[in-house]
Each structure stands twice: as structure tokens, then as C-alpha cells.
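Per-entry structural report
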Amino acid sequence: GKTQLKDKCAYNGCTNNRESGVRFFNFPKDEHRRQQWIEACGNSRLRGLADITVMRNYYICSNHFEAGMYSKILSPFKLKLRVDAVPKKFQTSGW
């Protein structure tokens, strides 16, 4: 069937979905941090969307966070982001 947006990572160029075995994280409720996430993930489509839409329907998968961004890595299923976690910055190719 058609993959819902909420089943796919919103990071630019990422094709991970629910079946990829990665964790999905909601965009933060905090406005400032949410903007940082939107900037970092390089997906310009997110900029024009209502806050509630971004928070409800979009996710960033665990591939885009450095290990230091997790509060306590208890087990692969208990990944929890630190309150100040931001995704790695999307790198455009150097051409």
C-alpha cells in the first residue's frame, strides 16, 4: 500500500521507514528546538507547514543523531533523546 508520511523519516534523502529497524523521534514541542531540527534535517518542505502538522506527522529516525545525543542507552529499544538533542546537520554535496 501507499506509505504514509508518518512511516518515513523526514530527513532529506533518508528512506528509512518503520520496517528499517530504526527508532523514530517526534519533532520537539519546543519551538526553538523544532526549528533547529527542521534546519538540520535539510527538508525545506517542513518550513511551510503548521507546527502541529510537523509534530504529529513527521519524524526523524535514530540514524541522524550522534551517540552523545541520547540520554541513557539502556537497550536498543529504550533509546531516549536528551532534552537538547538536535539531529546531525544535513550535508549538501560539495560540488
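See the structure shown above.
Structural notes, computed from the coordinates. (Residues numbered from 1 in each chain as written. Predicted model: local features only at pLDDT ≥ 70, side-chain atom pairs only at ≥ 80, totals over all residues. Heavy atoms only, no water.)

A word on helix 1 (residues 31-41). When helix 1 is considered as a whole, its buried residues turn out to be Arg33, Arg34, Trp37, Ile38, Ala40 and Cys41. Buried residues of helix 1, seen end-on, are gathered within an arc of 165° and therefore sit on one face of the element. Buried residues belonging to helix 1 abut strand 1 (24-26), helix 2 (51-57) and strand 2 (59-61). Among the residues trailing helix 1, Gly42 stands out with phi positive, at a value near 70°. (Buried < 20%, exposed > 50% of the residue type's maximum accessible area, 1.4 Å probe, protein only. Helix = DSSP H or I, 4+ residues; strand = E, 2+ residues; numbered from the N terminus. Arc of directions from axis to C-beta. Contact = heavy atoms within 4.5 Å.)

Turning our eyes to something else, we now look at the nonpolar core. Counting 23 residues, the largest nonpolar core has Phe25, Phe27, Trp37, Leu46, Ile60, Phe65 and Leu81 as the members making the most contacts within it. Sorting the residues of this core by element identifies strand 1, helix 1 and strand 2 as the ones contributing at least two each. Once you skip the residues sitting within four places of it in the chain, Trp37 turns out to touch Phe25, Asn26, Phe27, Pro28, Ile60, Phe65, Leu81, Ala85, Val86 and Pro87. (Core = buried A, V, L, I, M, F, W, Y, C linked by side-chain atoms within 4.5 Å.)

This part covers the pattern of salt bridges. Tallied over the entire structure, the rule returns five salt bridges. Ionic pairing is found between Asp51 and Arg34, a salt bridge with its closest N-O pair at 3.1 Å. You can see Asp51 sitting in helix 2 and its partner Arg34 sitting in helix 1, a full 17 residues away along the chain. Judged by its relative accessible area of 2%, Arg34 falls in the buried class. With a shortest N-O distance of 3.0 Å, Arg82 and Asp84 are connected by a salt bridge. By relative accessible area, Arg82 is classed as partly exposed at 33%. (Salt bridge = Lys/Arg side-chain N within 4 Å of Asp/Glu carboxyl O.)

This next bit is on the layout of surface pockets. Its volume calculated, the largest pocket comes out at about 270 Å³. In terms of lining residues, the largest pocket is bounded by 13 residues, among which Asn26, Phe27, Pro28, Lys29 and Trp37 are the most central. With three residues, the single largest contributor to the lining of the largest pocket is strand 1. Taken together, the residues of the lining of the largest pocket break down into eight nonpolar, one polar and four charged. (1 Å grid on protein atoms, 1.4 Å probe; cavity = no way out; pocket = protein on both sides within 12 Å on 5 of 7 lines; lining within 4 Å. Points joined across faces, edges and corners; volume = space filled by probe spheres on them. Nonpolar A, V, L, I, M, F, W, Y, C, P; charged D, E, K, R; others polar.)

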